[in-house]
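Report on the structure
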Amino acid sequence: MAARARGRATYEDLLMAPRGLVAELIDGELYTWPRPSGRHVRVSSRLGAVLTNAFDFGNGGPGGWWILDEPELHLGANVMVPDIAGWRREHMPAMPDDHRFRITPDWVCEILSPSTTQFDLRRKLPIYADHGVPYTWVIDPLSRTLQVFTLESEHWLLAGVYGGEDKIRAVPFDAIEIDLTSIWGPDSPPAP
């Protein structure tokens, strides 16, 4: 569950958040979250690996992107941490010198957790739209679904819903086929 600071929070408040928590500053309010679950991290890591290989390194794909895990986005007064984000290199030719990313990404991915689902969908997605992020993916690791959204006239348009064992080509990464089975990974064996 998120802890929320009351009153007008600042970036300095965010920097003072306890280590081990994800901290975000939305509309002047500081939110902190526990680190995500193992299943969440595994899905994020596997998707990041597929996209980094093809779109960042250019192995088996076109390259031309920066793909990053949990970058600290500064979108106006908001400071947000998506699970994964990507920038076309012509849009962001070089990495920032520090940990703050002030250039709006070309794609973000939010991986839902029971404690963050409503926040990600109701608070973060509208801010991404307001700042012109052209593509957003929303993944639910529990139901093994991927929703792909494109920005049209400042509103999100659902471009596709995928799940299970689908093999997909989804914007903006439709240059390669992604086998969603490789993203979900095998289920963990039951505990003894």
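In this text, all values refer to a predicted model and were calculated from it rather than measured experimentally. (Residues numbered from 1 in each chain as written. Predicted model: local features only at pLDDT ≥ 70, side-chain atom pairs only at ≥ 80, totals over all residues. Heavy atoms only, no water.)

Some points on helix α2 (residues 38–56)
An α-helical turn contains 3.6 residues, so any two residues separated by three or four positions project in the same direction. Of all the residues in α2, the buried ones are H40, V43, S44, L47, G48, L51, T52, A54, F55 and D56. Along its buried surface, α2 packs onto β4 (65–69), β7 (84–88), β9 (107–111), β10 (135–140), β14 (178–179) and α4 (180–184). Looking one or two residues beyond α2, the residue adopting positive phi is G58, at roughly 80°. (Buried < 20%, exposed > 50% of the residue type's maximum accessible area, 1.4 Å probe, protein only. Helix = DSSP H or I, 4+ residues; strand = E, 2+ residues; numbered from the N terminus. Contact = heavy atoms within 4.5 Å.)

Let's talk about unusual backbone geometry
Across the junction of V171 and P172, the peptide omega takes the value 0°, indicating a cis bond. Structurally, the position occupied by P172 is in the loop between β13 (167–168) and β14. Within the chain, R144 stands out as a residue other than glycine whose phi angle is a positive 55°. Following the sequence through the fold, R144 ends up in the loop between β10 and β11 (145–152). When its relative accessible area of 23% is taken as the criterion, R144 is described as partly exposed. Phi is positive for E154, which is not a glycine, with a value near 65°. Tracing the backbone through its elements, the reader meets E154 in the loop between β11 and β12 (155–163). Residue E154 is classed as exposed on the basis of its relative accessible area of 63%.

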